[in-house]
Amino acid sequence: MPEIAEVETVARGLRPLAGRRILAVRFGKTDFIDQPDRIETLLPGSRVIEVRRHGKMLLFRMEPAVPSPNPAMAPIWLIVHLGMTGQLVLHEAARPAAPHTHVWFTLDDGRELRYTDIRRFGHMRIASPEELTTLVAPLGADPLELTVAELRRRLGTRHARVKALLLDQHVLRGLGNIYADESLWRARLHPMRQGSDLSEEEMGRLWRAIRSVVSEAIRLGGTSISDYVDALGRRGGYQKRLRVYRRHGRRCARCSATIERVIVAGRGTHFCPRCQPAPRPARASRHSRAASAKKRLHPAPRLR
DNA sequence: AAGATTACCTGAAGGC
DNA sequence: TGCCTTCAGGTAATCT
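Residues numbered from 1 in each chain as written. Chains lettered and ligands numbered in written order. Predicted model: local features only at pLDDT ≥ 70, side-chain atom pairs only at ≥ 80, totals over all residues. Heavy atoms only, no water.

Further remarks concern the packing of helix H1 (residues 4-14) against helix H7 (residues 200-219). It is the contact of H1 with H7, at a shortest axis distance of 9 Å, that shows an interaxial angle of 40 degrees. The angle between H1 and H7 places the two elements in the oblique class. Viewed along their axes, H1 and H7 form a crossing whose handedness is right-handed. Of the residues in H7, those in contact with Ile4, Ala5, Glu8, Thr9 and Arg12 of H1 are Val214, Ala217 and Ile218. When grouped by side-chain class, the residues that make up the contact of H1 with H7 number 5 nonpolar, 1 polar and 2 charged. (Axes fitted to C-alpha atoms, helices over the stretch in contact; angles between N-to-C directions. Helix = DSSP H or I, 4+ residues; strand = E, 2+ residues; numbered from the N terminus. Parallel < 35°, antiparallel > 145°, perpendicular 65-115°, else oblique. Left-handed = near helix turned anticlockwise from the far one by under 90°. Contact = heavy atoms within 4.5 Å. Nonpolar A, V, L, I, M, F, W, Y, C, P; charged D, E, K, R; others polar.)

Pasting the structure below:
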């Protein structure tokens, strides 16, 4: 699943495209593409100036084929989000395309950049500099540029569960389910803890955990569980370092308790029940206090 | 109105 | 063997 480390690895692999020209664009299915006609009009003949990552987005800064009369319109940005199963891989043009390939960019060096996406949760569009600014504005801090103060500022006032906050791209941009679970394990924090409930010391642990998990995952080229490969089709190595993600029923590497799996924020959430102690139940509302008082007086009959 | 839940999509895996 | 159901999770829309 492409999260920050996978997208960063793909971006690094595509950086040598700077200077290359796109000669032609061809589409398969386009239901995940915004204004495919605009892409077909603007990209052929354009040149790659720069490739960068922003959160989970890949940004290609392109020099238009025909200089625009309006200088504010140049450059144009090609934005690619890999979603769940998206792949952006360089191939020799002669190679047959993999199934579910939906976009072909013909390059001026005999190669093609191909976008393949089984589930089509990905997204692709063209943006002007102004449109890019608007798209990027609501996103949170980059986990690699994060400071403890910034993390405290963004989590400290929030009553949502810390797992949900880590997944929220408006809080931090780039974390997904794998690195959220792995960071919480390393920080020894239960995923259901409230953001506002974290102590100064716990905030520091979480900050260090996020940075070390993400930077090691990037160093190893990302996590390949099912689909993910980099720009040259190579798998990552961080799947060997996972401590909780999809390891429920197995032993915790730190304390040997059994890893559990629950649903938090609608996502499979993996944690060690011993290393990551459960939060004290939140102060009950008037309604649920009354309900539990009633339960103590009149316990529901046990089934079976 | 923040926080929680659900829909979208396809293939793999498990149950019987 | 084969059909059916469930599960995976990126984000946006919808609920409470």
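Additional details are given in the paragraphs that follow.
Split into domains, chain A comes out as domain 1 (4-136) and domain 2 (148-271). The centre of domain 1, based on its C-alpha atoms, is set 29 Å off from the matching centre of domain 2. Between domain 1 and domain 2, the residue contacts involve 19 residues of the former and 19 residues of the latter. In total, about 1600 Å² of surface goes out of reach between domain 1 and domain 2, with carbon and sulfur atoms giving 65% of it. Where domain 1 packs against domain 2, one counts 0 salt bridges. Applying the counting criterion to the domain 1 and domain 2 interface returns 7 residue pairs in polar contact (both at pLDDT 80 or more). Those elements that provide at least two residues to the side of domain 1 that touches domain 2 are H1 and strand E5 (86-92). Sorting elements by how many residues they give to the side of domain 1 that touches domain 2 places H1 first, with 9 residues. The residue makeup of the side of domain 1 that touches domain 2, split by class, is 8 nonpolar, 6 polar and 5 charged. (Domains from an automatic or database assignment. Buried area = accessible area lost by both parts, 1.4 Å probe. Salt bridge = Lys/Arg side-chain N within 4 Å of Asp/Glu carboxyl O. Polar contact = N/O pair within 3.5 Å; in protein donor to acceptor, adjacent residues only side chain to side chain.)

Near DNA strand B the following residues occur: His100, Ile118, Arg119, Arg120, Phe121, Arg158, His159, Ala160 and Arg267. Arg119 is positioned with one of its side-chain polar atoms (N or O) 3.5 Å from a base oxygen of DNA strand B. In the model, a phosphate oxygen of DNA strand B is placed 2.5 Å from a nitrogen or oxygen of the Arg158 side chain. (Near = heavy atom within 4 Å.)

All right, on to the sheet that holds strand E3 (residues 57-63) then. Taken in spatial order, the 4 strands of this open sheet run E2-E3-E4-E8, and their pairing is antiparallel. Since the sheet does not close on itself, it has two edges, and those belong to strand E2 (47-54) and strand E8 (123-127), each with one partner. The sheet shows a mean angle of 20 degrees between the axes of neighbouring strands, taken without regard to direction. As judged from the 6 bridges shared by E3 and strand E4 (residues 76-81), these two strands associate in the antiparallel manner. Within E4, the position partnered with Met57 by the bridge is His81. Strand contacts of H1: E2 and E3, with the helix running at about 160 degrees to E2, the strand carrying the most contacts. In the packing of helix H3 (residues 129-136) onto the sheet, contacts are made with E2, E3, E4 and E8, and the angle to E8 comes to roughly 135 degrees. (Pairing = 2+ DSSP bridges.)

Contacts to DNA strand C come from 16 residues, most closely from Met84, Phe121, Tyr245, Arg261 and Arg267. Here Arg246 contributes a side-chain N or O atom positioned 3.2 Å from a sugar or linking oxygen of DNA strand C. In the surface near DNA strand C, the residues fall into 4 nonpolar, 6 polar and 6 charged.

To continue, consider the packing of helix H4 (residues 148-155) against H7. Direction vectors running N to C along H4 and H7 enclose 115 degrees, while the axes themselves pass 10 Å from each other. With respect to their mutual orientation, H4 and H7 come out roughly perpendicular. Two packed elements cross with a definite hand, and for H4 against H7 that hand is right-handed. Between H4 and H7, the contacting residues are Val148, Leu151, Arg152 and Leu155 on the first element and Glu200, Met203, Gly204, Leu206, Trp207 and Ile210 on the second. Across the contact of H4 with H7, the residue classes break down as 7 nonpolar, 1 polar and 2 charged.

Let's shift gears to the side chain of Glu202. By the element assignment, Glu202 lies in helix H7. Residue class for Glu202 comes out buried when judged on its relative accessible area of 14%. Among the polar contacts made by the side chain of Glu202, one reaches the side chain of Arg193 at a distance of 2.8 Å. Aside from chain neighbours lying at most four places away, what touches Glu202 is Leu189, Arg193 and Asp197. (Buried < 20%, exposed > 50% of the residue type's maximum accessible area, 1.4 Å probe, protein only.)

Of all 11 residues in H1, 9 are buried, a share of seventy percent or more. Here the buried face of H1 lies against E2, E3, E5, strand E7 (111-117), helix H6 (177-187) and H7.

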